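In case you want the letters, here they are:
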Amino acid sequence: MNILDTIVVHKKAEVATRKSQTSIKELEARPAFSIPVRSLSDSLLQEGSTGIIAEFKRKSPSKGFIKEHANVNEITTAYTQHGAAALSVLTDEKFFGGSDEDLMQARKNDIPILRKDFIVDEYQIVEAKSIGADVILLIAACLTPQEVKHLAEFARSLGLQTILELHAEEELAHICDATSIVGINNRDLKTFKVDIERSLRMAEKLPAHTIKIAESGISSIENIVLFRKNGFKGFLIGEHFMKQADTPAAFAAFVQELQSAL
Ligand SMILES: O=C(O)c1ccccc1NCC(=O)[C@H](O)[C@H](O)COP(=O)(O)O
């Protein structure tokens, strides 16, 4: 079994356990469930936006530990203060060392937050809203087109936006009305190989109105300038910032350099 299949099997079991512990009614009663949702598309399309979706990521299946004891408050606050367009917080514990608590801490910041997890069930979308997320991710490689449509429409009914993550041309059939934001993952989630050109090749195939996000393996200003020239509005970056000894300072310097390059 490849890593993505392993994660999905684990996630389905985890969701079953969580459902037996906390009802939908209890999730809906949490204060964060009722707070206004921030729009990712508005933030990415805003004049002068850096477009950076800055990710808080302690470890990953491809790299192991990146920053095991990272402080979520310190890092997400610095990302926000220094110009991130949005935050991405991994909530998967087993494979990424994240937690719902990390996202709840990050919610102190007033910019859109992506719950970065492996969503296979409506329950996780209610849960995302109940911990303060504004956006969910649906990964085409682990869902059918019908499941994507159903889950994206469900997210929309709760006021949440969806990023549909694609990796291969065959997955273009997963695009639907409720998925106007599409992320192209440069990392093959089965082999971990990163190919920055993948975003550029796939971008040409997307419907014209799509808001395009390049994901994974982005580590330079040149990468972002090239993606922008090709119509990308968003850039999901985790490892490059998290692996720096001083993540807040490295992020601030990166944004400053980006702004002078644009
Ligand atoms: O990052 C991984 O190793 C990984 C492995 C299997 C499934 C998903 C994985 N990552 C999730 C992501 O999509 C990235 O965290 C995100 O795009 C940021 O990528 P990066 O800037 O390369 O950390």
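Residues numbered from 1 in each chain as written. Predicted model: local features only at pLDDT ≥ 70, side-chain atom pairs only at ≥ 80, totals over all residues.

### Re the overall build of the chain
Secondary structure assignment for the chain yields eleven helices and ten strands. For the chain, whose C-alpha radius of gyration is 17 Å, the value lies close to the compact-globule estimate of 18 Å for 262 residues. For the chain, the spread of C-alpha atoms along the principal axes amounts to about 50 × 40 × 35 Å. Across the 262 residues that make up the chain, the buried fraction comes to 43%. Partitioning the contacts of the chain with sequence separation of at least 6, the portion at a separation of at least 24 is 66%. (Helix = DSSP H or I, 4+ residues; strand = E, 2+ residues; numbered from the N terminus. Rg over C-alpha atoms; globule rule 2.2 N^0.38 Å. Buried ≥ 20, exposed ≤ 12 C-beta atoms within 10 Å, placed from the backbone. Contact = placed C-beta atoms within 7 Å.)

### Observations concerning the site of the ligand
Lining the immediate surroundings of the ligand are 18 residues, of which Ser-60, Ser-62, Ser-216, Gly-238 and Glu-239 lie closest. Contributions of two or more residues to the shell around the ligand are made by strand S10 (232-237) and helix H10 (239-242). For the shell around the ligand, the class distribution of residues is seven nonpolar, seven polar and four charged. (Near = placed C-beta within 6 Å. Nonpolar A, V, L, I, M, F, W, Y, C, P; charged D, E, K, R; others polar.)

### Let's talk about the confidence of the model for the chain
Of all residues in the chain, 100% have pLDDT values of 70 or greater, and the mean over the chain is 97. Within the chain, strand S4 (residues 86-90) carries the highest mean pLDDT (99), whereas helix H8 (residues 197-203) carries the lowest (93). Prediction confidence for the complex, expressed as pTM and ipTM, is 0.98 and 0.98 respectively. (pLDDT = per-residue confidence, 0-100.)

### Examining unusual backbone geometry
Glycine aside, the phi torsion of most residues is negative, and most peptide linkages are trans. Within the chain, Phe-192 stands out as a residue other than glycine whose phi angle is a positive 70°. With respect to the helices and strands, Phe-192 occurs in the loop between strand S8 (181-185) and H8. Residue Phe-192 is classed as partly exposed on the basis of its C-beta count, with 14 C-beta atoms lying within 10 Å. A positive phi angle is found at Ser-216, which is not glycine, with a value near 75°. Its location among the elements puts Ser-216 in the loop between strand S9 (211-215) and helix H9 (221-229).

### Some details on the pairing of S8
Judged by how many residues are buried, S8 sits mostly within the fold: five of five residues are covered. The side-chain alternation of S8 yields two buried faces, one formed by Ile-181, Gly-183 and Asn-185 and the other by Val-182 and Ile-184. With four bridges joining them, strand S7 (residues 161-166) and S8 adopt parallel strand pairing. Bridge assignment links Glu-165 to a residue of S8, and that residue is Gly-183. (Pairing = 2+ DSSP bridges.)

### Section: the pairing of S7
Of all six residues making up S7, six are buried, and the element is well covered by its neighbours. Across the two faces of S7 the burial is the same, with Gln-161, Ile-163 and Glu-165 and Thr-162, Leu-164 and Leu-166 all buried. Note that strand S6 (residues 135-139) and S7 share five bridges and pair parallel. In the sheet register, Val-135 faces S7, and the bridge partner there is Gln-161.

### What about the nonpolar core?
Judged by nonpolar contacts, the single largest core of 65 residues is most densely connected at Leu-87, Ile-136, Leu-138 and Phe-235. Ranked by residue count, the leading element in this core is S6, at five residues. The residues contacting Leu-87, other than those within four sequence positions of it, are Ala-54, Phe-56, Thr-76, Tyr-79, Thr-80, Ala-106, Asn-109, Ile-111, Ile-113 and Leu-114. (Core = buried A, V, L, I, M, F, W, Y, C linked by C-beta atoms within 7 Å.)

### Overview of the UniProt feature "domain: Indole-3-glycerol phosphate synthase" (unreviewed entry) in the chain
In this structure's numbering, the residues bearing the UniProt feature "domain: Indole-3-glycerol phosphate synthase" (unreviewed entry) are residues 4-250. For residues 4-250, helix accounts for 37% and strand for 18%, while the C-alpha atoms at its two ends are 30 Å apart. (UniProt positions renumbered as here; feature names shortened; annotations may be inferred.)

### Digging into the environment of Gln-105
Residue placement: Gln-105 occurs in helix H5 (residues 100-106). By the C-beta count within 10 Å, which is 18 here, Gln-105 ends up partly exposed. C-alpha separation for the pair Gln-105 and Lys-243, spaced 138 residues apart in sequence, amounts to 21 Å. Contacts of Gln-105, omitting those with residues within four sequence positions, involve Val-72 and Asn-73.

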